[in-house]
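# Coordinates in review
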Amino acid sequence: MTAIQSKRNLLSMKQLSNEQIYHLIHLADRLKDPANVLSYSGLFAANLFLEPSTRTKTSFHIAERKLGFDVVELDGVDSSLTKGESLYDTLKTLESIGVDLAVVRQSEVGGLSACTEELEMPLINAGDGCGEHPTQSLLDLYTIHEHFHSFRGLHICIAGDLKHSRVARSNAYALRQLGARISFVSKPDWQDPTMTKDYITMDEAVETCDVLMLLRIQHERHTNHGGTGSYLKEYGLTVEREARMMNHSIILHPAPVNRGVEIDVRLVECEKSKIFRQMTNGVTMRMAIIHALMKGEL
Ligand code: ASP
């Protein structure tokens, strides 16, 4: 943990106090107005994505460009990581040639924390295997706060492939710290004892939760590739279940969505769904995170 808590990095939700989370939420609100956006013109941001990504990578790119950074994009195929260069040496190289901030997605849980000590530039964890996904969590928190203006006392149900979900891990930690009541729905194979031993059914969840946070089945992290035939009926959000949700409740999903598996295809863009709003908020929240790190506020 000492490395995680060191200067100007965002590696885990465990490093953030509630005050820092609220600071980022309010900063993101302010940055919605282009007049409040500071320019980092002349600085370089590098996005090093060694696992696939659509939303996180693109929204970081747009957030960085909106803040005036020049952006360098690297992946596992085109970089010297394929020649055996370590993650640390790759990042040290980027810093040495003038990169001022690096956003990294890679598969080793906690893999970035070993690189922080010797690097001056801020590092952002954009997802580390089944570990954490702090920027997704912050944009989820921002979306919940935008709707409810608070976290305390909200019942939030996280449903799906908990064991392999970095999104669930980051959100469960942060939401508990913020005073929300969390419950979980999961198929026995994908339950995670580090989050809870008590699970509820999807039928209980839909009738009692303020926020239903669905997760994608992480097929790429499974060794046993079973079918998903009955998943929607047993564990997913069907049209019939959605009709039993409370009027004020909302649906979140970090995406990509397996339409017809975690959620009925007709519900992905229903009134309660904030799935595309989460993506829009992801750009603003990532601008706030970068700004706060560059200013030494985290
Ligand atoms: N986009 C999220 C992540 O990178 C969720 C997912 O892939 O299911 O973890």
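Residues numbered from 1 in each chain as written. Predicted model: local features only at pLDDT ≥ 70, side-chain atom pairs only at ≥ 80, totals over all residues. Heavy atoms only, no water.

Where side chains of opposite charge bring their charged atoms close, a pairing between them can arise. Following the criterion strictly, the structure yields 14 salt bridges and no others. Ionic pairing is found between R169 and D192, a salt bridge with its closest N-O pair at 2.5 Å. Taken together, the residues R169 in helix α5 (residues 166–177) and D192 in the loop between β7 (181–185) and α6 (202–208) connect sequence positions 23 residues apart. D192 gets classed as buried once you look at its relative accessible area, which sits at 6%. Of the charged contacts, one joins R266 and D264 as a salt bridge, the two residues approaching to 2.9 Å between their closest N and O atoms. Assessed through its relative accessible area of 60%, R266 is described here as exposed. Residue D264 is classed as buried on the basis of its relative accessible area of 9%. Several salt bridges converge on common partners, so that one network encompasses D203, E207, E240, R241 and R244. (Salt bridge = Lys/Arg side-chain N within 4 Å of Asp/Glu carboxyl O. Helix = DSSP H or I, 4+ residues; strand = E, 2+ residues; numbered from the N terminus. Buried < 20%, exposed > 50% of the residue type's maximum accessible area, 1.4 Å probe, protein only.)

Taken as a whole, the largest pocket spans an internal volume of roughly 400 Å³. Lining the largest pocket we find 21 residues, and of these R105, R166, R216, A255 and P256 sit closest to its centre. Elements with a minimum of two residues in the lining of the largest pocket: α2 (55–66) and α5. (1 Å grid on protein atoms, 1.4 Å probe; cavity = no way out; pocket = protein on both sides within 12 Å on 5 of 7 lines; lining within 4 Å. Points joined across faces, edges and corners; volume = space filled by probe spheres on them.)

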